[in-house]
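Residue-level structure breakdown
Below are the chains, spelled out letter by letter.
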Amino acid sequence: MGKRISLFGLGHVGQALLRSLHRARGGAHLVLAADGHGVYRGESLDPAAVLERRARRDYDAPRRPGDEEPLLLEARPDLHVELTPTNLETGLPAVRDLEVALALGVPVVTAAKSHQRSRETLAGILERAQGIPFLDHAATLAGIPATEMVAGVGMRLTRIEGVLNGTTNYILARLAEGVPFEAARDEAVARGFAERDWRYDLEGDDVAVKLVGLTRHLCGRPVLARDDVRREGAPELGIERGIVGATPELVARLAAEGKVLKLLGRVDIDGDSVRASVGPAVLDRRDSFAGIEGFTNAVRLEGTMNETRMELFLRGPGAGADETASRVLGNVNHLIEVLDWRESA
Ligand SMILES: NC(=O)c1ccc[n+]([C@@H]2O[C@H](COP(=O)([O-])OP(=O)(O)OC[C@H]3O[C@@H](n4cnc5c(N)ncnc54)[C@H](OP(=O)(O)O)[C@@H]3O)[C@@H](O)[C@H]2O)c1
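Summarised in this report is the structure supplied together with it. For clarity, every value in this text was computed on a predicted model and none was experimentally measured.

Evaluated as defined, the whole model comprises 37 salt bridges. Arginine 53 is the salt-bridge partner of aspartate 60, the closest N and O atoms lying 2.9 Å from each other. Two residues, glutamate 293 and lysine 262, come together in a salt bridge whose shortest N-O distance is 4.0 Å. Taken together, the positions of glutamate 293 in the loop between strand 11 (273-284) and strand 12 (296-305) and lysine 262 in strand 10 (residues 259-270) put the pair 31 residues apart, joining distant regions of the chain. The exposure class assigned to glutamate 293 is partly exposed, which follows from its relative accessible area of 42%. With relative accessibility at 2%, the residue lysine 262 sits in the buried group. Via salt bridges that share partners, Arg159, Glu161, Arg266, Asp268, Arg300, Glu302, Arg309 and Glu311 belong to a single interconnected network.

Dropping the structure here:
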């Protein structure tokens with residue numbers, strides 16, 4: 001029998017993962033699945049049956065406060081997948097779940113971003129994860145395997161630049177169509193593209209968290225905390241912070257000059273000095289970032305390998321349930337290979 005998998009979080013990404021879980025390597029199988037309301041338990045749960053019963057809110061048992069530890073103890077998973085909601089204020093429930101799984105020595109794959117809410121929370125999780133595989137790649141850039149790929153490349157990174165937020169792409173596109181900022185913003189919230197607290201996306205907090213994840217994986221250690229990332233505006237363009245204050249008139253004037261407005265995240269790394277910011281950038285229409293639209297994200301990585309300068313430009317889906325689940329499943333399969341290799345060593 002293959003590896004035993006537990007899964008917390010049966011929302012958009014969790015359901016997308018369940019639909020493809022039969023492709024997990026080596027006969028891996030589900031032994032525990034839970035959302036915020038209830039639990040499914042069994043020696044080999046059928047993902048299709050879980051999906052079908054979850055739609056009816058029909059569970060084996062209801063969730064109880066503090067039950068994450070007894071659930072994981074009983075299920076004895078070989079690896080745990082955490083797909084609960086991101087909460088950057090309290091970190092819950094993901095941080096508690098990760099603490100419990102890691103304390104039990106269970107390797108983790110997660111797409112939730114909550115453990116990156118502060119330097120202290122991240123340090124606590126990474127300390128617990130010493131010696132235990134902890135793959136949180138999918139928390140950064142959804143479907144774009146930027147962190148895994150560059151870990152494989154091995155160059156010394158000097159700069160990261162990226163268009164990393166789909167909501168701001170959407171709003172800037174609406175401004176280009178003449179829709180006023182407040183209307184485009186409210187539309188994005190109503191259609192579920194923006195968080196209800198829209199400042200998270202539009203002032204650059206979301207990009208800041210992504211820069212934290214990117215730099216940690218690409219540099220091999222935490223070099224940046226969320227609060228280290230400067231949130232910039234452009235007073236000369238009437239922009240307070242992020243893209244807040246941009247207008248259809250501004251976007252039209254820039255377009256007439258062959259320019260495009262984007263929210264750009266940037267990190268410069270020079271030895272131990274790391275400077276990070278997120279803010280509005282006026283780009284030439286022919287710039288590689290100028291055509292990054294909708295929920296497509298792109299990141300440019302610059303670095304050196306010995307004396308050779310290298311530049312990578314990656315673009316792909318920065319959001320989406322299937323897209324994120326694809327990355328999660330890739331990480332699950334990688335982890336299964338590592339665990340199998342450890343056992344056979
Ligand atoms: N969607 C994307 O494009 C994307 C991209 C990158 C990263 N992510 C991250 O991936 C995670 C999942 O995203 P999503 O879009 O699937 O979110 P979602 O649709 O809001 O689903 C969250 C799921 O977590 C469950 N949950 C809540 N509290 C729980 C608890 N204590 N224990 C177990 N499950 C609990 C919810 O169950 P109830 O319905 O019972 O509350 C729901 O099933 C989030 O952290 C998100 O930030 C998402």
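All right, on to the nonpolar core then. Residues Ile160, Ile171, Leu211, Leu214, Leu261, Val299 and Leu301 are the most contacted members of the largest nonpolar core, which totals 45 residues. Other than its neighbours up to four places away in sequence, isoleucine 171 contacts Phe181, Ala184, Arg185, Ala188, Leu202 and Ile243. Grouped together as the second largest cluster of nonpolar side chains are 30 residues, Leu10, Leu17, Ala33 and Leu339 included.

All of the buried residues in helix 3 (residues 68-75) are Glu68, Leu71, Leu72 and Ala75. Within helix 3, the buried residues cover an arc of 90 degrees as seen down the axis, which keeps them to one side. Against strand 1 (4-8), strand 2 (29-34), strand 3 (38-45), strand 5 (79-82) and helix 4 (94-103) lie the buried residues of helix 3. Note on helix 3: the residue one or two positions beyond its end, arginine 76, has a positive phi of about 50 degrees.

Take the side chain of glutamate 302 next. With respect to the helices, strands and loops of the structure, glutamate 302 is situated in strand 12. A distance of 3.3 Å separates polar atoms of two side chains, one belonging to glutamate 302 and the other to arginine 309. With near-sequence residues (within four places) excluded, glutamate 302 lies in contact with Met155, Arg156, Leu157, Thr158, Arg159, Glu161, Arg309, Met310 and Glu311.

Relative to strand 11, strand 9 (residues 230-231) runs parallel, the two being bridged by two bridges. Within strand 11, the position partnered with arginine 230 by the bridge is serine 277. Pairing of strand 10 with strand 11, which is carried by twelve bridges, proceeds in the antiparallel orientation. Bridge pairing in strand 11 places arginine 266 opposite serine 277. Remark: two residues form the turn of the hairpin made by strand 10 and strand 11, two consecutive strands paired antiparallel; glycine 271 in that turn has positive phi of roughly 60 degrees.

Before going further, it helps to spend a moment on the sheet that holds strand 3. The strand order across the open sheet built from seven strands is 4-3-2-1-5-6-7, with neighbouring strands paired in mixed fashion. Each edge of the open sheet carries a strand with a single partner, namely strand 4 (61-62) and strand 7 (134-135). Here strand 1 runs beside strand 2; their pairing, made up of five bridges, is parallel. The partner of arginine 4 across the bridge, within strand 2, is histidine 29. Here helix 2 (residues 47-55) sits on the sheet in contact with strand 2 and strand 3, set at roughly 165 degrees to strand 3. Its contacts with the sheet put helix 3 on strand 1, strand 2, strand 3 and strand 5, and the angle it makes with strand 1 is roughly 160 degrees.

Attention now moves to helix 11 (residues 248-256). Residues three or four positions apart in an α-helix share a direction because the helix packs 3.6 residues into each turn. What helix 11 keeps buried is the set Pro248, Leu250, Val251 and Leu254. Buried residues of helix 11 fall within an arc of 165 degrees about the axis and therefore sit on the same side. Away from the buried face of helix 11 by more than 90 degrees, exposed residues Glu249 and Ala256 are located. Once helix 11 finishes, glycine 258 follows within two positions and takes phi at roughly 80 degrees, a positive value.

Near the ligand there are 26 residues, and of these His12, His37, Thr84, Thr86 and Gly320 occur at the shortest range. Glycine 9 has a polar backbone atom sitting 3.4 Å from a nitrogen atom of the ligand. Glycine 320 places a main-chain nitrogen or oxygen 2.7 Å from an oxygen atom of the ligand. Protein burial of the ligand: of its 900 Å² of free accessible surface, 78% is covered by the chains. Its residues placed into classes, the shell around the ligand shows twelve nonpolar, nine polar and five charged.

For the rest of this paragraph, the subject is the environment of leucine 21. Of note, leucine 21 is situated in the loop between helix 1 (12-20) and strand 2. Sequence-wise, leucine 21 and valine 260 are 239 residues apart; in three dimensions their C-alpha atoms are separated by 41 Å. Residue contacts for leucine 21: discarding those within four places in its chain leaves Ile5, Leu30, Pro47 and Leu329.

Rules and cut-offs
- Residues numbered from 1 in each chain as written.
- Predicted model: local features only at pLDDT ≥ 70, side-chain atom pairs only at ≥ 80, totals over all residues.
- Heavy atoms only, no water.
- Salt bridge = Lys/Arg side-chain N within 4 Å of Asp/Glu carboxyl O.
- Helix = DSSP H or I, 4+ residues; strand = E, 2+ residues; numbered from the N terminus.
- Buried < 20%, exposed > 50% of the residue type's maximum accessible area, 1.4 Å probe, protein only.
- Core = buried A, V, L, I, M, F, W, Y, C linked by side-chain atoms within 4.5 Å.
- Contact = heavy atoms within 4.5 Å.
- Arc of directions from axis to C-beta.
- Polar contact = N/O pair within 3.5 Å; in protein donor to acceptor, adjacent residues only side chain to side chain.
- Pairing = 2+ DSSP bridges.
- Axes fitted to C-alpha atoms, helices over the stretch in contact; angles between N-to-C directions.
- Near = heavy atom within 4 Å.
- Areas by Shrake-Rupley, 256 points an atom, 1.4 Å probe, with all protein chains shown as cover.
- Nonpolar A, V, L, I, M, F, W, Y, C, P; charged D, E, K, R; others polar.

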